[in-house]
Amino acid sequence: MAPPAAATTADGGVEENAMAILDTFGIKDSRDLHDDRTAFFEAVRSACLAGDRPSPPSWRMHNAVFQILQSSSSLELTIASFHLLMELGKQYPRVYLTNSCPHQALVVVKESWSPFLLGNNGASGEIGGNTGCTDHLFDPSRFGLLIEHMVEAANDTSTSNRLKRIEKMVLFQYLVSTLEADFVPRNIAYKESLDWVIIRESLLNLLLGSRKLVFKTFVKNCISLLNKHQREVEDNISFKSASDLDSSLTFSLLEFEREALLSVKKLFIMVINLDLIRKEADKLGLTSRADGSRNPILEVILDELPYNTINLSPFLLAFTEWKWKLEIILQYFSRYYVKPAVCTRSSDDSQQDLTVENVLSLFSTAASAKAIAKKMFPEVAQLLLAHAYQASELMLLLNF
Amino acid sequence: MVIDDPLDFEGEVDPLLSAPRPTKRKKIIGLDDLLIDYCAAGKDELKASAAKSKGRPNGYNSDDEDKQVTEKEINFCKFVDDCEEKAKALDPGEDVPLWGQKVFGCQKSPSILNGTGVENCQLLQSFCGDEHLGFDLEIEQGEGFLEGMLMDGWLLKLVLVYGSVEDSIASWTLTKSLYSSNKKLQDSASEFWGSLLSLNEDDKPLVNFGYFPSYSILKGAILNYEYLNGDPCTNARTSETAVAGTSNDGPPQNITAWLRIVSACCKIRQMHPVFSTSEAEDLLVIVISLFLDRQLEGLLLIMGDCLNSLGLYFNTSEWESSCLMVAESISKRVRMDLNCLRIVDCITGTNDRSKFLRSQLALQLLKNSFGLKVANIEKILKSVTSVNVKEKECNFFMLYLYLVLMDNLLFSSDAFRNKPAITEAWRNYLRNCSMQIGCTDWRFYASKVRNKASYLLQGVISKKPGGGGSTSSQ
């Protein structure tokens, strides 16, 4: 991977020419608008990806593509803009590693475009000077709203707003993949250098650390999204409803739901890793008060699950990352385990000592089993035990 | 009379109610009068219209003039209708159908997949003999039990732990992914195969297995989905009719799994070449034609990935001749309307192979369109540039297609970079198109041709080595 780091952005002529395609002067109908947008994508593609000397798109071009993604005018445009954005992200990564030095070095292209608008991004000034309009970009609160809308849409079974639903899911998928493209190389670089600043400046940390995003609600929404999709998959909804005239949308919807589900899982795993690094940095005394104090995601999940035990089973089925699943289950038990006092965050090492064997032994004596059964529904305990057993068996198997 | 009294009372109210109205009207008239005064006093351009509407302000006062106004309205509406009709007459065939060709026929009900005998596989048998398992497996269910394991992801994990997978299980999962109508089973099975067909850092497979998907299995599957193999003349229908058809007309349910498996097969070429060259060509034609099905719009990324993997599957030495084959075959399937632009657009041209395929496809489409036997660039150029935009019956829609195809043909790959005569002629023609079609030319697609030509012209100027300034004088 050797992206043209120093490549200058598309020169003015190319930009003007491409942007002129979007000029709505003399547009007669929506069909013309659609054609123009398709032509615009083609122009961006040829200038930035397929041309002789491809150069990164300018902010204006990038913004325009991102705005079309959110305009939900047609499935074709939604998918095409998503495709283009993904390809541009791949071709011109904002963050990447170079192998040139003995150590892998992290390169951050600060001036490159990002769909996020995060306070101390350093980039906000540039956008401000450019267009003055940043409504289409995602600040933390808008990211939270997106999840909320997705949950609302998932509960709405009518077929009227399917395009909007697809648009939200595609948008989410794109944003998570942007977070991932930013976080993964940083994670690798961190493991070599143990430099907390690398992670502190990650989009994910900035986004979730912001006060504008209510983290608890956000996690709650993600869980209900996972559950909703999981139930749909279990029900095996057929995509051939007889009265369905636009099967293209229905067909795509299922595919994007699957992808959105994967994105939620991906996001969870990333946040769990972020929390681990944060904990490590806390121990090393690298963090300061300025880093904020967001609760670790596992704690939030554990706060959420006991109050909605109906969500527990689908969540455990949907969350297939066995290592973290086991961790969640063990921590779940430890909350109902009589012995340890309430743990503060700095001393929660004792919590990790609980193993599957410990948990099983809890149920082996009548007294402790009763004590747990008082606090936990037997069905819940059974479910947790079954999943814990599965996960630990698997760990044993894979450790061979 | 008792009843008369309230009537009288109402009668008294009437004038009271109507009294304020005239004053209100006066106010409105006053504004209009002001406007007319203003028009008459200064603005020459507005004089005529002001004069026309002179009768209007008084019209509020009498019924006769109200009628006059409605008559005028009717006349005006008629006039607008006339204009619209005339405008329609100017551009015949205003409705260019959207892209979309029927790629799949009516779906048969999926064949029943029972009796695969997979329950006799060693994996299950070994479980039966194990007494240390500690819990009961419902192995009597046989296939059902395996399905459960597959969907939970346990089958894959077991296989990874074992380090090998027996043929009966491999073929059973492949069949499930290509034919099962259970979405979850299908997804899990294609994930299973995705992992089998992926390589680790040392380009070694994660698991040992001797059973591979083959061309005949994949081709058989796509034919089973009622893929239409013929030329467009016999079985082409627009997407509209396809959508309006029976409920069985939907896209094949397993097409996603099919695409995933094809691309996964391509990626293990180093380890095991699954397809021969001609087989890969055939699959490439199939995958490209899938882009024409509107119902598969949502699978754009998966199809794009598959297209790329297939493109990279070929040896460098094979690619040019294979490309020609594929381009010829596709160009016969695609109709010369927006479909041909769609297909060229879908070949993204992000790598050299894709660029070459794009320009070859444009070449073949143009060749067919002009009825040429040999793909001769000079002849094609001559045919395109002979279209005279000043002629009344010029078909701008076709010209639009030609412009886009020509641009792709000439500039997608560097095949014609070194022929200055051709690019020069092409540039002149583009300039003519952008100059000779007036801004007020409302003929169908005329403005699109003009815009496209001037956009492409900019591109040609920048692509010309050392070009730019010399052309600006014209």
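Residues numbered from 1 in each chain as written. Chains lettered and ligands numbered in written order. Predicted model: local features only at pLDDT ≥ 70, side-chain atom pairs only at ≥ 80, totals over all residues. Heavy atoms only, no water.

Right, let's talk about the overall build of chain B for a bit. Looking only at helices and strands, one finds 23 helices and zero strands in chain B. Burial analysis of chain B (474 residues in total) assigns 45% to the buried set. Taking the contacts inside chain B whose residues are at least 6 apart along the sequence as the reference set, 74% of them involve residues at least 24 apart. When the accessible surface of chain B is totalled, it reaches about 24700 Å², and 54% of it is carbon and sulfur. (Helix = DSSP H or I, 4+ residues; strand = E, 2+ residues; numbered from the N terminus. Buried < 20%, exposed > 50% of the residue type's maximum accessible area, 1.4 Å probe, protein only. Contact = heavy atoms within 4.5 Å. Areas by Shrake-Rupley, 256 points an atom, 1.4 Å probe, with all protein chains shown as cover.)

A word on the overall build of chain A. Helix and strand counts for chain A stand at 17 helices and two strands. In chain A, buried positions account for 51% of the 400 residues. Taking contacts inside chain A between residues at least 6 apart in sequence as the whole, the part at least 24 apart equals 72%. For chain A, the accessible surface area stands at approximately 18800 Å², while carbon and sulfur atoms represent 55% of it.

The next subject is the side chain of S309 of chain B. Within the fold, S309 of chain B resides in helix α16 (residues 300-313). Beyond its immediate stretch of four places on either side in the chain, S309 of chain B contacts S263, C266 and K267 of chain B.

Quoted interface sizes are often the accessible area lost when the parts come together. Chain A puts 48 residues into the contact, and the matching count from chain B is 52 residues. Of the roughly 4200 Å² buried between chain A and chain B on both sides combined, carbon and sulfur atoms contribute 55%. The tally of links between chain A and chain B comes to 10 salt bridges. Across the salt bridge formed by E259 of chain A and R260 of chain B, the nearest N and O atoms sit 3.6 Å from each other. Here chain A and chain B share 10 residue pairs in polar contact (both at pLDDT 80 or more) between them. Per-element accounting of the side of chain A that touches chain B gives the leading share, 11 residues, to helix α2 (residues 30-50) of chain A. (Buried area = accessible area lost by both parts, 1.4 Å probe. Salt bridge = Lys/Arg side-chain N within 4 Å of Asp/Glu carboxyl O. Polar contact = N/O pair within 3.5 Å; in protein donor to acceptor, adjacent residues only side chain to side chain.)

Attention now moves to the domain arrangement of chain B. Residue and element names in this part refer to chain B. Under the domain assignment, chain B is made up of domain 1 (97-313) and domain 2 (335-474). In this assembly, 17 residues from domain 1 lie in contact with 10 residues from domain 2. Here domain 1 packs against domain 2, burying approximately 1300 Å² in sum over the two surfaces, 59% of which is carbon and sulfur. On inspection of domain 1 and its partner domain 2, the count reaches zero salt bridges. Counting across the interface, domain 1 meets domain 2 through seven residue pairs in polar contact (both at pLDDT 80 or more). Looking at side-chain class alone, the side of domain 1 that touches domain 2 contains 11 nonpolar, five polar and one charged residues. (Domains from an automatic or database assignment. Nonpolar A, V, L, I, M, F, W, Y, C, P; charged D, E, K, R; others polar.)

The next subject is the packing of aromatic side chains. Residues and elements named next belong to chain A. Scanning the model with the defined rule gives 22 aromatic pairs over all chains in all. Plain terms: the ring middles of F315 and F319 are 5.4 Å apart, the flat faces sit at 10° to each other, and that makes the pair stacked. An identical accessibility class is assigned to F315 and F319; each is buried. Members of the aromatic cluster, joined through ring pairs, are F116, F143, F172, F215 and F218. Over the face of the ring belonging to F138 we find R142, whose NZ or CZ atom lies 4.0 Å from the ring centre. A cation over a ring is seen here: R294 above F215, with NZ or CZ 4.5 Å from the ring centre. (Phe/Tyr/Trp six-rings, centres within 6.5 Å; stacked < 30°, edge-to-face > 60°. Lys NZ or Arg CZ within 6 Å of the ring centre and 35° of its normal.)

Residue and element names in this part refer to chain B. Note on placement: V161 falls in helix α8 (residues 154-162). A relative accessible area of 25% places V161 in the partly exposed class. Placed 45 residues apart in sequence, V161 and L206 show a C-alpha to C-alpha distance of 9.9 Å.

Its location among the elements puts E281 of chain B in helix α15 (residues 277-290). Among buried Asp, Glu, Lys and Arg side chains, E281 of chain B stands out as unpaired, with R269 of chain B the closest opposite charge at 10 Å. (Lys, Arg positive; Asp, Glu negative; His and termini not counted.)

Moving on, we come to the state of the cysteines. Residues and elements named next belong to chain B. Under the definition given, this model contains zero disulfides over all chains. The thiol sulfur of C394 is not disulfide-bonded, and the nearest other cysteine sulfur, from C433, lies at 8.0 Å. Residue C433 is classed as buried on the basis of its relative accessible area, which comes to 1%. (Disulfide = S-S within 2.5 Å.)

The subject of this paragraph is the nonpolar core. Soluble globular proteins tend to pack their nonpolar side chains together in the buried interior. Ranked by size, the top nonpolar core spans 239 residues in total, and within it F268 of chain A together with I255, W258 and W426 of chain B carry the most contacts. Residue contributions to this core peak at 16 residues, all from helix α11 (residues 247-283) of chain A. Setting aside residues up to four positions removed in sequence, W258 of chain B forms contacts with L178, L218, A221, I222, Y225, L283, I286 and V287 of chain B. (Core = buried A, V, L, I, M, F, W, Y, C linked by side-chain atoms within 4.5 Å.)

Turning to the pattern of salt bridges, a few remarks are in order. Summed over the entire model, instances satisfying the criterion amount to 32 salt bridges over all chains. Salt-bridge contacts for E15 of chain A lead to R60 of chain A; the nearest nitrogen and oxygen are separated by 2.7 Å. Here the residue E15 of chain A occupies a position in helix α1 (residues 12-21), and R60 of chain A occupies one in helix α3 (residues 59-69), the gap between them amounting to 45 residues. Among the salt bridges present, the one from R335 of chain B reaches D337 of chain B, with a minimum N-O distance of 3.2 Å. Looking at R335 of chain B, the relative accessible area reads 21%, which means it is partly exposed. On the basis of relative accessible area, D337 of chain B is assigned to the buried category, the value being 11%. Put simply, E255, R258 and E259 of chain A together with K183, D187, E191 and R260 of chain B are held in one network by salt bridges that share partners.

What follows covers the environment of A20 of chain A. Residue and element names in this part refer to chain A. Summarising the element assignment, A20 is placed in helix α1. Look at A20 and you get partly exposed, because its relative accessible area is 45%. Along the primary structure A20 and L326 are separated by 306 residues, whereas in three dimensions their C-alpha atoms are 55 Å apart.

Turning to a nonpolar patch on the surface, a few remarks are in order. Residue and element names in this part refer to chain A. The grouping of L194, L284 and L286 at the surface amounts to a nonpolar patch, some 260 Å² of accessible area in total. Examined against the element boundaries, L286 turns out to sit in the loop between α11 and α12 (297-304). Note on L286: relative accessible area 36%, which makes it partly exposed. (Patch = residues over 30% accessible without salt bridge, like charges linked within 9 Å, V, L, I, M, F, W, Y side chains within 5 Å.)

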